[in-house]
Amino acid sequence: MPAVLILGASGYAGLAVGQALLRSGNYTVYGTSRSAEKAKTLTTNEITPVIGDASNSAFLAAAIHDNHIDLVIDLTQAYENAGNILNTIVQAARKRAETLAKDKSVGPKLGFIYTSGTWVYGSPKYRVSDLTVPGTSLSPGTPATAVGWRPAHEQAVLAARDVLDVAVLRPSTIYGRASWVFGVWWGPLLAAAASSGTQEVHISAEPEARMGLVHVDDLADAYVRAADRIDGRLGAWPVFGISGETLPAPHIIESAAEALGVKSKIVYDGAGGNPFFEALSLVSNADTSRARTVLGWEASHRDFIANIGTTVAAWKASQ
Ligand SMILES: *[C@@H]1O[C@H](CO)[C@@H](O)[C@H](O)[C@H]1NC(C)=O
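Rules behind the numbers
- Throughout this document, residue positions are counted from 1 along each chain, in the order its sequence is written.
- For a predicted model such as this one, the threshold for reporting local features is a pLDDT of at least 70, and the threshold for listing and counting side-chain atom pairs is 80 or more; totals across whole chains, interfaces and linings nevertheless cover every residue.
- Side-chain metrics rest on all non-hydrogen atoms present in the structure, leaving aside hydrogens and water.
- What counts as an axis is a line fitted to C-alpha atoms, over the stretch in contact for a helix, and the angles between N-to-C directions run from 0 to 180 degrees.
- By definition, any uninterrupted DSSP run of H or I lasting at least four residues is a helix, any uninterrupted run of E lasting at least two residues is a strand, and each is numbered from the N terminus.
- An angle below 35 degrees is treated as roughly parallel, one above 145 as roughly antiparallel, one from 65 to 115 as roughly perpendicular, and anything else as oblique.
- Working rule for contacts: check all heavy atoms of both residues, and any pair within 4.5 Å makes them a contact.
- Residue classes follow a fixed rule: Ala, Val, Leu, Ile, Met, Phe, Trp, Tyr, Cys and Pro count as nonpolar, while Asp, Glu, Lys and Arg count as charged, and any other residue, Gly among them, counts as polar.
- Note on pairing: DSSP must find at least two bridges between two strands before they are called paired.
- Here, nonpolar core means buried Ala, Val, Leu, Ile, Met, Phe, Trp, Tyr and Cys residues that are tied together by side-chain atoms lying within 4.5 Å of each other.
- Only protein chains enter the accessibility calculation, which uses a 1.4 Å probe; a residue whose area is less than 20% of its type maximum is buried, one above 50% is exposed, and one in between is partly exposed.
- Aromatic rings from Phe, Tyr and Trp, with only the six-membered ring used for Trp, were paired whenever their centres fell within 6.5 Å, and each pair was classed as stacked if the ring planes differed by under 30 degrees, edge-to-face if by over 60, and tilted otherwise.
- Along the arc lie the directions from the helix axis toward the C-beta atoms.
- For this analysis, a salt bridge means a side-chain nitrogen from Lys or Arg found within 4 Å of a carboxyl oxygen belonging to Asp or Glu.
- Residues adjacent in sequence count toward polar contacts only when both atoms are side-chain atoms; beyond that, a polar contact is any pair of N or O atoms within 3.5 Å, and within protein one must be able to donate a hydrogen and the other to accept it.
- Think of a 1 Å grid over just the protein atoms. A cavity is a set of points where a 1.4 Å probe fits yet cannot get out, a pocket is an open set with protein on both sides within 12 Å along at least five of seven lines, and lining residues have an atom within 4 Å of a point.
- Grid points are joined across faces, edges and corners, and a volume is the space filled by probe spheres set on the points.
- For each domain, the first and last residues come from an automatic or database assignment.

A. Representation of the packing of helix H8 (residues 249-260) against helix H11 (residues 308-317). At a minimum axis distance of 9 Å, the contact between H8 and H11 shows a crossing angle of 75°. In terms of orientation, H8 lies roughly perpendicular with respect to H11. Residue-level contacts link Ile252, Ser255, Ala256, Ala259 and Leu260 of H8 to Ile308, Gly309, Val312 and Lys316 of H11. The residue inventory of the contact of H8 with H11, partitioned by class, reads six nonpolar, two polar and one charged.

This is how it looks when you write it as structure tokens:
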């Protein structure tokens, strides 16, 4: 079985991806974790913990070498360390190739799946697919400020194809179970529901925002499919947007308000210059059909509004 190393394995998406890989029965899964406590979470999920900081080159190189890793999946969201992590993986791959060359042999490339996101498209005027290269003059949108650096990093990952088998997955907003992302919008709603006297509840969102959504289990399935095909079966452009549905932000906010029993009037204050709020308030225009045609992926969860009660309850319980 191929050995997969997940960076950020005890995180929200990382744990779901590790579980999905194990459920397929086709992978041995290792995961980096910075604390012994989180390592225990991995062990109880049948993921072998490798304790250390993935942005530390010596640690990561040893984790790949010592565990005979075939595929690394970066789910760290370590913005400032992304370049360092990529360089370490490239060096590990080169070293492996050189070792084989000394034995007059060639071998499979080390695989690498990088996690980007649909924020790199910004708010394009017309519909774009993952064949549009963000951050270039051919892309109609400007990447969200928070991820302005990311198109260049995607390019660096793709440029490493001489030594790595790579894929770049771009999830939209991930929800389900202990999803934290909606706290920005739903936190004030929860507070308003608790204080009966509130006349207005202010939300840091643009009313014209439109958000792509993907359930964490569907996202995990996309990673398994990318892992299954990483050895050259992802085609010439191994970049995939992963999104199940797209909804206007006011629908997401107002249906959550109803589920929480909020009676107050909702006032949209806009993103107010905060880069994270700005990213949540993009107007998504992303087409993700290549995930279906190339990965054979389908979102099973496509009724966000109909299931809002369960989703909000899970979020609330995990606060
Ligand atoms: C595991 O791999 C086998 C091929 O060896 C494949 O038929 C099967 O669908 C895979 N399992 C999952 C759940 O993807």
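B. Seen up close, the sheet that holds strand E11 (residues 239-242). Pairing is parallel in the open sheet, where seven strands are placed in the order E3-E2-E1-E4-E5-E7-E11. If you trace the sheet from one side to the other, it starts and ends with strand E3 (48-51) and E11, each paired once. Between one strand and the next, the sheet's axes are offset by a mean angle of 20°, whatever the strand orientation. Pairing analysis gives four bridges linking strand E7 (residues 164-171) to E11, with the strands arranged parallel.

C. Local environment of the side chain of Ser33. One can find Ser33 in strand E2 (residues 28-33). Excluding residues within four positions of it along the chain, Ser33 makes contact with Ser10, Lys38, Ala39, Leu42, Val50, Ile51 and Gly52.

D. Quick look at the nonpolar core. Leu21, Ile73, Ile113 and Ile242 are the most contacted members of the largest nonpolar core, which has 37 residues in total. Looking at this core, the elements that each hand over two or more residues are strand E1 (3-7), helix H1 (12-23), strand E4 (71-74), E7, helix H7 (216-228), E11 and helix H10 (289-295). If one sorts the elements of this core by residue count, H7 sits on top with eight residues. If we ignore the near neighbours within four places in the chain, the residues touching Leu21 are Val4, Ile6, Asn26, Tyr27, Val29, Ile73, Val224 and Ala227. In this structure, Tyr175, Ile253, Val312 and Trp315 belong to the second largest nonpolar core, which totals 33 residues.

E. Local environment of the packing of aromatic side chains. A complete count under the given rule lists 10 aromatic pairs for this structure. An angle of 50° between the planes, with centres 6.4 Å apart, marks the rings of Phe276 and Phe277 as tilted. Phe276 sits in the partly exposed class, given a relative accessible area of 24%. Aromatic rings pair up to connect Tyr175, Phe182, Trp185, Trp186, Phe304 and Trp315 into one cluster.

F. Structural context of helix H5 (residues 150-159). Among the residues of H5, Arg150, Pro151, His153, Glu154, Val157 and Leu158 are the ones counted as buried. The arc that holds every buried residue of H5, seen down its axis, measures 160°, which confines them to one face. Along H5, exposed side chains directed more than 90 degrees from the buried face belong to Ala152 and Ala159. Each element contacted by the buried residues of H5 is listed here: helix H4 (82-102), strand E5 (110-115), E7 and E11.

G. Examining H11 more closely. Burial in H11 covers these residues: Ile308, Thr311, Val312 and Trp315. Summarising the axial view, the buried residues of H11 lie within an arc of 95°, below the 170-degree limit, and thus occupy one face. Facing away from the buried surface of H11 by more than 90 degrees, the exposed residues are Thr310 and Ala317. Check the buried side of H11 and you find it contacts strand E8 (173-175), helix H6 (183-194) and H8.

H. Quick look at the pattern of salt bridges. Summed over the entire model, instances satisfying the criterion amount to seven salt bridges. Arg233 is the partner of Asp231 in a salt bridge, and the nearest nitrogen-oxygen pair spans 3.1 Å. What makes Asp231 partly exposed here is its relative accessible area of 48%. The class of Arg233 is exposed, set by a relative accessible area of 51%.

I. Looking closely at the side chain of Thr288. Relative to the elements of secondary structure, Thr288 occurs in the loop between strand E14 (286-287) and H10. Thr288 gets classed as buried once you look at its relative accessible area, which sits at 8%. Only 3.4 Å separates the side chain of Thr288 from the backbone oxygen of Ser243, close enough to count as a polar contact. Setting aside anything within four residues of it in sequence, one finds Thr288 in contact with Gly241, Ile242 and Ser243.

J. Here's a closer look at empty space enclosed by the protein. Scanning the model with the defined rule gives two cavities of 30 Å³ or more in all. By volume, the largest cavity amounts to about 130 Å³. Residue assignment for the lining of the largest cavity shows that the elements contributing at least two residues are strand E10 (210-215) and helix H9 (275-280). Residue classes in the lining of the largest cavity are distributed as six nonpolar, six polar and one charged. Taken together, domain 1 (3-173 + 213-242) and domain 2 (180-211 + 245-284 + 302-318) each give at least three residues to the lining of the largest cavity, which thus spans both. Looking at the second largest cavity, its volume works out to about 40 Å³. Asp74, Thr76, Gln77, Ala78, Tyr79, Ala82, Tyr114, Thr115, Trp149 and Arg150 together form the lining of the second largest cavity.

So far we have only geometry, and geometry alone does not tell us how the molecule works.
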